[in-house]
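Overview (structure and organization)
Below, each chain spelled out in residue letters.
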Amino acid sequence: MKRSFLSIVRKELIHIFRDRQSLFMVLTMPLLMLLLYGYAITLDMKAIDIIVADHSASPESRELIRHIEATDFFKVSVYKGGVAHIGEIFQNREAQCVLEIPRDYGETIRAGLPVQLQLSIDASDPNAANFIQNYVSRVASLSFADQTMLFSLEPRIFYNPDMRSAPFFIPGLIALILLLICALLTSIAIVREKETGTMEQLLVSPVKPVQIILGKVLPYTFLGFFDGLMILVVGSLLFHVPIQGSVLLIMAMMLVYVVTGLSLGMLVSTVAKTQSVAMLAAITMTVLPSMLMSGFIFPISSMPRIFQLVSRIIPATYFIEIIRGIVLKGNDLHNLYKPASILLGLDAVLIALSIRAFKIRLE
Amino acid sequence: MGKIRSLVKKEFRQIRRTKAYFALIFVAPFMQLLIMGSAITNEVKNISLVIVDQDKTPASREIIDKFSAVAIFDYLGEARTTEEASLALDDGLAKAVIIIPRDFERDMERGLSPSLQVLIDGVDGNSAGISLGYITSMAAGIQKGWMMAGQLPVSGGVQVIPRYFYNPELDSKLNFVPGLIGLLLLMITTMLTAINIVREKELGTLEQLMVTPLGGTQLIIGKIIPFTILGLLQFTMGILAARLVFGIPVQGSIPLLYGMVLLFIMTTLGLGIFFSTVANTQQQAMFVAWFSMIFTLLLSGFFVPINNMPRFVQYLTYLNPLRYFITVLREIYLKGTPFRDLWREAVILGGMGLTLILASSMRFHKRLK
């Protein structure tokens with residue numbers, strides 16, 4: 001019995017190694033994605049074009065401009081005169097914001113009176129607009145650091161003190177890649193046998209259906225697991241993502257999540273009749289929601305209530321919470337028992353569903 | 001001309017027979033815009049907040065009242081100790097903690113300028129920065145109120161009055177929805193073209209077409225016309241969906257928008273034909289199309305401003321047609337930018353489209369021979 005199971009595994013491995021193109025993608029895709037998310041996809045704003053219209057031309061206004069130039073957040077161009085058509089500046093994308101320093105800026109400050117600065121922002125990217133407003137306000141108040149305050153703020157940023165994007169994205173990427181490989185590839189592998197009619201041949205062989213499925217699924221499990229570890233190692237070496245928690249716990253949770261991916265793939269394979277349908281279904285039903293609604297990039301707490309509910313039935317939501325917890329916060333099971341048990345529960349449901357669906361298919 | 005017309009007719013007949021196309025073109029844009037447009041937001045709301053009050057004075061209670069009254073924060077309640085609060089951060093329950101130290105009020109009265117400690121979960125650096133910004137400006141507001149009430153000299157200081165153009169509510173939908181329309185157009189037209197051609201290869205009907213008196217050029221044109229029409233239809237559905245589902249109107253000129261779409265469709269169809277020459281099976285075609293799509297998407301400025309990227313990646317994005325099209329969409333959609341400020345994008349898109357279509361058609365010919 002064991003031997004027939006192994007021969008199914010071997011047969012699947014031969015399939016994998018024969019399709020060079022797909023194998024190449026399975027191995028290089030995660031690395032490319034890692035490089036992309038590590039280098040290119042960063043939400044840290046910089047080099048924003050700002051036009052400062054200095055109507056005052058006083059020592060005070062020049063000091064303010066110096067303060068703005070000192071941050072690498074802005075690329076400053078100073079206009080001596082006024083700015084006639086702000087709308088036109090935004091339309092030809094000369095700058096993303098215009099700061100106007102009023103004529104009486106110097107005198108008012110010297111007199112100790114409050115001054116207002118007009119800041120026009122092209123808010124078609126609202127996130128950037130928010131940052132611009134925050135930064136300019138901060139820089140402007142910097143010029144008055146000597147003022148006596150009733151109290152001050154002392155911020156401390158935990159877990160990711162430089163607020164970099166790479167530690168945020170890279171653990172989440174593991175969730176995405178594991179799912180992509182486990183769900184997508186297994187569903188295609190199973191449907192391919194259906195399409196070519198070899199599934200029937202396998203079923204009339206003395207191997208039990210469960211063994212066939214397990215045998216087909218096992219090689220992809222290894223591939224997915226390997227890719228996940230690769231991301232973790234390369235990510236921590238290349239992008240300095242610190243691994244605070246236990247690596248063993250990470251691997252255990254990855255196994256749990258691999259099972260999720262596999263059962264999703266099996267479910268898709270029982271629904272789909274052709275490989276292209278399987279692929280479309282796997283992408284739209286599993287990969288896209290896991291990418292967009294799991295908190296991988298976009299914060300769940302900011303979504304409309306109904307989508308927050310949807311995100312709670314997506315396994316990736318819990319896995320991302322778990323893996324970020326372990327990697328960045330050094331969480332152990334004590335902190336994570338809730339998402340971990342939900343993930344296990346979802347696993348059980350998915351396995352039961354896919355076995356049922358598979359049995360119905362067979363009969 | 002007549003030959004091309006009959007080819008186009010044949011393609012349309014096939015398209016009409018495939019029910020999935022209808023779903024893709026008429027239903028998918030609404031569904032995807034609805035789901036993605038609502039889920040994708042990088043606004044920061046409902047920041048879960050815990051406060052530790054070690055002072056227990058009217059001043060500290062006022063701070064708690066002010067923070068719990070604002071909708072941006074999801075005030076979870078008080079924690080008794082700092083340890084309890086940082087455990088809430090560890091467990092992921094709270095994203096921010098404010099600690100009001102003992103003798104806060106007394107130190108203020110003595111002019112010692114005590115400090116409020118703010119602990120922030122920095123895992124999501126972007127949200128952390130924005131949350132800190134909110135907390136800072138709330139604190140500044142409270143401070144100012146107290147100084148005015150206490151007849152203290154509110155020394156001038158600079159106040160920045162922001163004026164937000166094009167999107168005064170800072171609603172991230174306005175930014176994402178036009179981009180999504182472009183993205184959907186790219187996905188559907190590229191994939192459909194690639195799969196359609198590879199399918200004919202797989203079925204062997206491409207050879208049959210080759211032995212008819214049709215030239216290779218006519219064959220390609222016969223493929224391009226129907227998919228251009230499908231793309232335009234799908235784009236129109238996208239515009240309608242944006243208007244009906246999210247109430248986002250086009251500010252700029254609609255003919256200009258369609259002109260740009262035509263230029264962009266040339267590039268997507270060119271890509272589709274190219275993929276069909278690389279792949280032998282539909283599965284491979286989908287794989288290639290899907291993976292190249294991820295990169296096209298991430299390097300287009302859709303999620304992440306291109307300015308944020310390192311220099312060499314920025315150079316890479318110059319090769320990405322979606323980059324230009326998303327710029328064009330956002331400019332025309334939100335700002336009503338005229339052609340005068342968009343001719344560069346038009347020239348580049350047109351150039352890319354022509355090159356892609358010509359090069360991949362030539363490759364297609366060679367492959368067939």
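Quick note: structure is the one above.
First, a word on scope: everything that follows refers to the structure included in this document. (Residues numbered from 1 in each chain as written. Chains lettered and ligands numbered in written order. Predicted model: local features only at pLDDT ≥ 70, side-chain atom pairs only at ≥ 80, totals over all residues. Heavy atoms only, no water.)

With that out of the way, let us pick up the interface of chain B and chain A. The partner chain A presents 95 residues to the 96 residues of chain B that form the contact. Taken together, the two surfaces of chain B and chain A that pack against each other cover about 9000 Å², and 62% of this comes from carbon and sulfur. Counting every contact that joins chain B to chain A gives 4 salt bridges. Among the salt bridges present, the one from Glu345(B) reaches Arg93(A), with a minimum N-O distance of 2.9 Å. Here chain B and chain A share 37 residue pairs in polar contact (both at pLDDT 80 or more) between them. When residues of the side of chain B that touches chain A are assigned to their parent elements, the largest contribution, 15 residues, is made by helix H6 (residues 125–149) of chain B. Residues belonging to the side of chain B that touches chain A are distributed by class as follows: 52 nonpolar, 32 polar and 12 charged. One ladder, built from 8 bridges, connects strand E4 (residues 115–122) of chain A with strand E5 (residues 158–165) of chain B; its direction is parallel. Following the sheet pairing, Ile121(A) is matched in E5(B) by Tyr164(B). (Contact = heavy atoms within 4.5 Å. Buried area = accessible area lost by both parts, 1.4 Å probe. Salt bridge = Lys/Arg side-chain N within 4 Å of Asp/Glu carboxyl O. Polar contact = N/O pair within 3.5 Å; in protein donor to acceptor, adjacent residues only side chain to side chain. Helix = DSSP H or I, 4+ residues; strand = E, 2+ residues; numbered from the N terminus. Nonpolar A, V, L, I, M, F, W, Y, C, P; charged D, E, K, R; others polar. Pairing = 2+ DSSP bridges.)

Before going further, it helps to spend a moment on the nonpolar core. Counting 185 residues, the largest nonpolar core has Phe319(A), Trp290(B), Phe303(B) and Tyr333(B) as its most contacted members. Top element by residues in this core is helix H7 (residues 166–196) of chain A. It accounts for 21 residues. Apart from the residues within four sequence positions on either side, Tyr333(B) is in contact with Pro178(B), Ile181(B), Ile239(B), Ala242(B), Ile248(B), Pro249(B), Val250(B), Gln251(B) and Leu257(B). (Core = buried A, V, L, I, M, F, W, Y, C linked by side-chain atoms within 4.5 Å. Buried < 20%, exposed > 50% of the residue type's maximum accessible area, 1.4 Å probe, protein only.)

Right, let's get into the sheet that holds strand E1 (residues 48–54) of chain A. Spatially, E2(A)-E1(A)-E3(A)-E4(A)-E5(B) is the arrangement adopted by the 5 strands of the open sheet, whose pairing is mixed. Every interior strand has two partners, whereas the edge strands, strand E2 (74–79) of chain A together with E5 of chain B, have only one. The average angle at which neighbouring strand axes cross in this sheet is 20 degrees, direction not considered. Against the sheet, helix H6 (residues 126–142) of chain A engages E1, E2, strand E3 (97–101) and E4 of chain A together with E5 of chain B, with an angle of about 165 degrees to E5(B). (Axes fitted to C-alpha atoms, helices over the stretch in contact; angles between N-to-C directions.)

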